[in-house]
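These are the residues of each chain, in order.
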Amino acid sequence: MAVGEVMRMEIPASGDMSVPSPELHVLAVDDSIVDRKVIERLLRISACKVTTVESGARALQYLGLDGDKGASGLKDLKVNLIVTDYSMPGLTGYDLLKKIKESSVFREIPVVIMSSENILPRIEQCLREGAEDFLLKPVKLADVKRIKELIMRNEAADCKTLSHSNKRKLAEYIDDASSPSPSSSSTHDDSAAKDFPSLKRMKAEDEKFSSLL
């Protein structure tokens, strides 16, 4: 930019300067093609990215939890929510829920169970096992929007917590670096050099999470 040049930024005609919400990626699991199409349509209307699979086994394969290390070519793709039917042949939605909650990698992903049967013991069993919610079919757009808002709030809270944690660690690091001990200056310099990559990573993560808030 030349000296004296003014940088211009286009403002939408509506005057809306809000930052768009990050897109949620939802994995939808249902053995019924009709129900898969319905939930996919509702999620897309709610501005979600959707991946659909027809069984619990296929869901495990997609997540790389079926024991085949090369099964999931999308293992680096973030999944924010899993929505699964309860009654499916083979691996049920409840079985899939348990597998996900047993995984150290995916246990924090919210899982929502869907069912056409309003059976209270089944609902309580799923909620005890860690399900985020239990939806009765036919699933409505209001149900999807409510779940999405809940997940967005949880994601924002997690980002804010991690951002504050990074800021605290960064402040502690700067305090330590600004007052080295004379007797251990060489040791401190070595450790500071080793910690430099993590410091850069902390700053990058902090900027990334701040942009989501």
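Calculation criteria
Residues numbered from 1 in each chain as written. Predicted model: local features only at pLDDT ≥ 70, side-chain atom pairs only at ≥ 80, totals over all residues. Heavy atoms only, no water. UniProt positions renumbered as here; feature names shortened; annotations may be inferred. Pairing = 2+ DSSP bridges. Helix = DSSP H or I, 4+ residues; strand = E, 2+ residues; numbered from the N terminus. Right-handed = clockwise from strand over helix to strand, strands pointing away. Buried < 20%, exposed > 50% of the residue type's maximum accessible area, 1.4 Å probe, protein only. Contact = heavy atoms within 4.5 Å. 1 Å grid on protein atoms, 1.4 Å probe; cavity = no way out; pocket = protein on both sides within 12 Å on 5 of 7 lines; lining within 4 Å. Points joined across faces, edges and corners; volume = space filled by probe spheres on them. Nonpolar A, V, L, I, M, F, W, Y, C, P; charged D, E, K, R; others polar.

- If you look the chain up in an unreviewed UniProt entry, it shows as Response regulatory domain-containing protein from Brassica rapa subsp. trilocularis.
- UniProt, in its Subcellular location (unreviewed entry) section for the chain, records the words "Nucleus".

**So, the pairing of strand β5 (residues 133-136)**
1) Next: Relative to β5, strand β4 (residues 111-115) runs parallel, the two sharing 4 bridges. Its bridge partner lying in β5, I113 is registered against F134.
2) Next: After leaving β4, the chain enters helix α4 (residues 120-129) and then returns to the sheet as β5, a path that is right-handed.

**Quick notes on the environment of L42**
1) Next: If you trace the backbone, L42 turns up in helix α1 (residues 33-45).
2) Next: Assessed through its relative accessible area of 9%, L42 is described here as buried.
3) Next: Put simply, L42 and K140 are 98 residues apart on the chain and 7.6 Å apart in space, counted from C-alpha to C-alpha.
4) Next: In this structure L42 touches V139, K140, L141 and V144, once residues within four positions along its chain are discounted.

**Overview of empty space enclosed by the protein**
The method is simple in principle: a probe with the dimensions of a water molecule rolls over the atoms, and the space it marks as empty is what remains.
1) Next: For the coordinates displayed, the defined rule picks out 2 cavities of 30 Å³ or more.
2) Next: As a volume, the largest cavity reaches approximately 50 Å³.
3) Next: Put simply, the parts of the chain that give the lining of the largest cavity at least two residues each are α1, β3 (81-85) and α5 (141-178).
4) Next: Residues of the lining of the largest cavity, tallied by class, amount to 8 nonpolar, no polar and no charged.

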